[in-house]
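Each chain, letter by letter, is given below.
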Amino acid sequence: MTKVMNNIQDALSFVKSGHTILVGGFGLIGAPLSLIDGLTEKDVKDLTIVSNNLGESGKGLGILLDQNKIKKGIGSYFTSNRDVGDKYQKGEIELELLPQGTLAESLRAGGAGLGGYYTTTGVGTDLAIGKEEREIEGVKYILEKAIRADVALIRAHKADTLGNLVYYKTARNFNPLMATAAKKVIVEVDEIVEPGVLNPEEIVTPFLFVDVIVEATQILTKEGVVAK
Amino acid sequence: MTKVMNNIQDALSFVKSGHTILVGGFGLIGAPLSLIDGLTEKDVKDLTIVSNNLGESGKGLGILLDQNKIKKGIGSYFTSNRDVGDKYQKGEIELELLPQGTLAESLRAGGAGLGGYYTTTGVGTDLAIGKEEREIEGVKYILEKAIRADVALIRAHKADTLGNLVYYKTARNFNPLMATAAKKVIVEVDEIVEPGVLNPEEIVTPFLFVDVIVEATQILTKEGVVAK
Amino acid sequence: MTTKFNKANMQHLIAKRVAQELEGPCVVNLGIGIPTIVAEYLAKDNIYLHTENGLLGVTDVEDEDVDPNLVNAGKLPVGEAIGASYFNSSDSFSMIRGGHVDVAILGALQVDETGIIANWAVPGKNIMGVGGAMDLLVGAKKVFVTMSHTSKDGSSKLVKKCTYPITSTRSVDMIFTELAVFNIEDQQLKLVELMPGVSIEEVREKTEAEFSE
Amino acid sequence: MTTKFNKANMQHLIAKRVAQELEGPCVVNLGIGIPTIVAEYLAKDNIYLHTENGLLGVTDVEDEDVDPNLVNAGKLPVGEAIGASYFNSSDSFSMIRGGHVDVAILGALQVDETGIIANWAVPGKNIMGVGGAMDLLVGAKKVFVTMSHTSKDGSSKLVKKCTYPITSTRSVDMIFTELAVFNIEDQQLKLVELMPGVSIEEVREKTEAEFSE
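Cut-offs and rules
Residues numbered from 1 in each chain as written. Chains lettered and ligands numbered in written order. Predicted model: local features only at pLDDT ≥ 70, side-chain atom pairs only at ≥ 80, totals over all residues. Heavy atoms only, no water. Helix = DSSP H or I, 4+ residues; strand = E, 2+ residues; numbered from the N terminus. Rg over C-alpha atoms; globule rule 2.2 N^0.38 Å. Buried < 20%, exposed > 50% of the residue type's maximum accessible area, 1.4 Å probe, protein only. Contact = heavy atoms within 4.5 Å. Areas by Shrake-Rupley, 256 points an atom, 1.4 Å probe, with all protein chains shown as cover. Buried area = accessible area lost by both parts, 1.4 Å probe. Salt bridge = Lys/Arg side-chain N within 4 Å of Asp/Glu carboxyl O. Polar contact = N/O pair within 3.5 Å; in protein donor to acceptor, adjacent residues only side chain to side chain. Nonpolar A, V, L, I, M, F, W, Y, C, P; charged D, E, K, R; others polar. Pairing = 2+ DSSP bridges. Phe/Tyr/Trp six-rings, centres within 6.5 Å; stacked < 30°, edge-to-face > 60°. Lys NZ or Arg CZ within 6 Å of the ring centre and 35° of its normal. Axes fitted to C-alpha atoms, helices over the stretch in contact; angles between N-to-C directions.

Student: Help me out: how do you make sense of the overall build of chain A in this one?
Tutor: Regarding its fold elements, chain A presents six helices and 14 strands. For 228 residues, the compact-globule formula gives about 17 Å, and the C-alpha radius of gyration of chain A, at 18 Å, lands near that figure. Burial status across chain A gives 63% buried among its 228 residues. Considering only contacts within chain A whose residues lie at least 6 apart along the sequence, 70% involve residues at least 24 apart. Carbon and sulfur atoms make up 46% of the accessible area of chain A, which totals about 8100 Å².

Student: Is there a simple way to explain the interface of chain B and chain D in this structure?
Tutor: Accessible area lost when the parts come together is the quantity often used to give the size of an interface. At the interface, 19 residues of chain B touch 18 residues of chain D. Where chain B abuts chain D, roughly 1500 Å² becomes buried across the two surfaces, and 65% of that area is made up of carbon and sulfur atoms. Taken as a group, Pro200, Phe207 and Leu208 of chain B account for 36% of the area that chain B buries against chain D, more than any other trio of residues on that side. On the surface where chain B and chain D come into contact, there are zero salt bridges. For the pair chain B and chain D, the interface holds seven residue pairs in polar contact (both at pLDDT 80 or more). Considered class by class, the residues forming the side of chain B that touches chain D number 11 nonpolar, five polar and three charged.

Student: For this particular structure, what's the right way to read the pattern of salt bridges?
Tutor: Pairing between side chains of opposite charge can happen when the charged atoms of each approach one another. Counting across every chain of the model gives 46 salt bridges over all chains. Linking lysine 87 of chain A and glutamate 92 of chain A is a salt bridge whose minimum nitrogen-to-oxygen distance equals 3.4 Å. Take glutamate 92 of chain A: its relative accessible area is 39%, and that puts it in the partly exposed class. The partner of glutamate 96 of chain B in a salt bridge is lysine 72 of chain B, and the shortest N-O contact between them spans 3.3 Å. Note that glutamate 96 of chain B is positioned in strand β5 (residues 94-97) and lysine 72 of chain B in strand β4 (residues 70-75), a separation of 24 residues in sequence. The exposure class of glutamate 96 of chain B is partly exposed, given its relative accessible area of 31%. Linked by salt bridges that have partners in common, Glu132 and Arg134 of chain A together with Glu132 and Arg134 of chain B make up one network.

Student: I keep staring at the pairing of strand β14 (residues 224-227) of chain B and nothing clicks. Help me out?
Tutor: Side chains on a regular strand alternate between the two faces of the sheet. Residue and element names in this part refer to chain B. Where strand β13 (residues 218-221) and β14 come together, four bridges link them in antiparallel fashion. Each bridged residue has a counterpart across the sheet, and for threonine 221 the counterpart in β14 is glycine 224. With antiparallel pairing between neighbouring strands as the criterion, β13 and β14 make up a hairpin whose turn holds two residues.

Student: I'm lost on the packing of aromatic side chains in this one. Help?
Tutor: One pair of aromatic rings is described through two measures. These are the centre distance and the angle between the planes. Following the criterion strictly, the structure yields seven aromatic pairs over all chains and no others. Over the ring of phenylalanine 26 of chain B we find lysine 75 of chain C, and its NZ or CZ is 5.1 Å from the ring centre.

Student: Where do I start with the sheet that holds strand β4 (residues 79-86) of chain C in this structure?
Tutor: Sheets are built from strands that pair by backbone hydrogen bonding, the pairs being arranged parallel or antiparallel. Residue and element names in this part refer to chain C. Strand order in this open sheet of nine strands is β4-β3-β2-β1-β5-β8-β10-β11-β12, and the pairing throughout is mixed. Strands at the two margins of the open sheet, each flanked by one partner only, are β4 and β12 (188-194). This sheet shows a mean twist of 25 degrees between the axes of neighbouring strands, independent of strand direction. Where strand β1 (residues 26-30) lies against strand β2 (residues 47-51), four bridges are found, and the strand directions are parallel. In the strand pairing of β2, cysteine 26 is matched with isoleucine 47. Sheet strands touched by helix α1 (residues 7-21): β5 (103-107), β8 (142-146), β10 (174-176), β11 (180-185) and β12. Its angle to β10, the strand with the most contacts, is close to 150 degrees.

This is the structure:
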C-alpha cells in the first residue's frame, strides 16, 4: 500500500463538503498550488479554510473564494486579498482573525494533543474579546484553543515514498505544523525519492504524519504560478 | 565578542548558588558531561536541577547529588539513580515528578513565552493532584505550567561560532528545548565550525538561543564516559 | 493446575504472541521489558518502531555497530532503519499525545476489570519515575499490555480494581499474558484466546478480575 | 514652520536614523514599510535579521539571484546570510514571543503618550489582518516604531490616547519620525533628538501627545 498517488483529484478524494481544511503557505509561498487548483475543479462547498491568507485576488485560495466554496476563513492576514473584505461585507463569508503566532501555535497544539494554551499575544486588544484572561506568576495571558481539521493540504520540497518530508527555504512556514493537525494529510512535492535518500537528521516531517503524496503540477516561479 | 570559550569553568561562571538549571540528556545520552563534571568542581549549592533523570548512581548528575548541591530535582525518571530515593527518604532533596511528555512540553512552553497549556497526560492520576482540571470540547485536560530557568547546560554535536547547533542521533532529546528556556544557554559540543558550514535547512537550534560554546572534554563511548 | 514457565521463556512467549497481533503498516512504541522483546518477532517490514527519546525507525543493531548515542527508551543500543528520522523530546511526545502512534505496547503491574492499568508506582514506596507511560496511555490509538499473569507471590495481576496508582483513566485495548489474551470492549474484559496448553480453569483460578469468554 | 519631505526621502531618513540606533550583536525583526528599508542602512555585520515567516539571517538579494520561495514577511525577495537557518512558523513565533528577538522595528498608525501603539486596524473598516504585529509587541525585548509624524490630513500620529484598536498593552521603547526621536520611559514620551533642520516649535505644533524634553 503506497501513499503515492498519481493524480491530484485522487489525492483530493478525502475532501468533502463541510470539511475544515488546513492549507499551508505564506501567501503563495509554500502553498499547495496544485492541490488548491484541484480543489477549484472539485464540487465541494461549505469549507472552513485555515490558512494564513486566503490567497491573493483571483489566485490560489482566492479562486476558491470567488467560487463561494468557502464558508469560513481562519487566518492572520486576509488583507492580502481584497476580495475577502468584499465577501465579508456582503455576509458571504465568516472570518476568524488570529495573530500569526497564535495561528501557528494553535495548529501545533492541535497536532500535539493539547487542548489550549496561555499566550501573552493579544492580551488587552480587540482580538482578546471573549477569550479567558488569566494571570500566571504575575503575567497576563489569554487562553487560545487548539485547532484540528479533517484534511491538511500542504506543500513540501521532497518526500520519500514512506512520507518523510523536507522543505525548501521560506516555503516551509505553516506546512510542518499543519501536517500534524489533520486526520488526512495530503502533500504535494517537487520530487519523490526512495526511503533512505533523505538524511534522518534533516527530515522535518517524519512519515507518520503523512497520508497521501502527489507530485506538484503547479510551481511558483519568478514569473508567478506556472504549470510544471 | 565571541561566544566560544576555551575553558569549562569560564563557561560555568554564569552558574550561581540557588539557580534553576536545565540539564540536557536522556540518562547519560546527550548529557553535557563536561559541564556537569565542571559543576562538581564548582562551589555552588541549593541548585534546582531540571533534567529527565538525575544521572546514574555516582555518574553525571549523580555526583552532584552526592555532593548535596541539589536542593530540588524536577524530572520524569529518577528511578535510574537509586541514590535519589535515599536522599528523598532522608529529606535531603525535594522532587517534582512530571510525565516525560509534560516535562518536554513545559520546557518548550517556557521557551516559547507561553504561561501554560492543557494536556490530557496525567488526567485522573496521582500526578494530577493539585492541578486544575478542565474540559474543552468534551475532553478532560489538566493545566501544566511553563518551565523557565536561569541557566541551561546542554550538549550538541556541532556548533558554528555564531552558535547554530546540530545534534547527533538520540543524543538530541531535551537539548534543543532547554536551549530555548533559560536566560543563559551554555553548550558543549564535539566540534566547532565556521559559520556557513552547517546547512541552513538542517540547523536545529538557531544561534539566537545560544550564549556560550565550549568544546567537550568528556565524551560517552561504548565503554562509558571518558576524557576526550 | 499450573503451567510452568521460566521467566525468559514466558517473556518471549508473550512477546511473540503480541507481535502476531500487529497489522502493518503501523507505528508502534515499545515500552521497557517484555515489549522490547517484541521487536525480535516482527516479521513484517511495514511495522515501524517509535521510541520516545527521539527516533522513528528503530531496528536492532549488531554488537560491532553499537553507537552509545543511539538508544531506545530503555537506554539499550538500537539501530537506525531505512527512512528513520530523529526529533526532540517535545516533538516525540507530540506524536504520542497527538494520536499519531498507532500502538503502544507496555508492561503493567495491575490491570483492572475495566482495562485501567497501573504501571508506574507502588503504594508506600517513593514515587520516583513515570517516564512516558502516562503520555502513551492517553495518546496511542491502541494500547496493548504485556505482563505475567500473576505476581511473584502468586496473586493475580488482573484485579477487580487497581490498588496501585493508576497510569491513566483510559482503558487499554488488549492484554497479553503467558496464560491468555484478553480484549477490552466497553470497559469489560473478554477472554479471546488461551495460550498453548493452558486451560480455561487455570485462567479462572489465577484471575481476580471478572471477564467474559 | 514646516519641514517638507517627499515620501521616499522621509522614509529613508527615518530608516537611516533607526539603523544608527542598533547596537550589535543583536537580532532584529523588521516590519513592513519603513522598517524594511532599515536593512539598507545596516553598516555592522553583527546585526542579524529575523523574519517571522521562518528565516534568521536575512540579507538583500541581487535581481538575478531572486528565489520566489525565499521572501521576507512583506513577501519581498531576500537573500540568505552566512549562518542563516530556516524554521517553521511556530518555532519562529516562539522565538518572538519567548523573548529571543532583541529588537522589533514596526510601523504604526498611532502612538499614544504612554507608548501604546495601534498599527493593525482602523475603526469602521473590516478587521482583516494582524499578521505578526501583536506577537512582536509582546515578545521583542525592545520595540522601535517608525512612522511619519502626521497623517495625510496633517493630524498628529502621536496622540493623547489611541482611537484606533491597540496592538498590545505593552509600551514601545522608541519612536522615530521625520521630525524627531522619542524615548518612552516609565510610560512617558521624552523627546531625545530633533531630526536635522527641525525646530522644537515644529515638533510641538505637530504633536498631540504630551512629551517632555
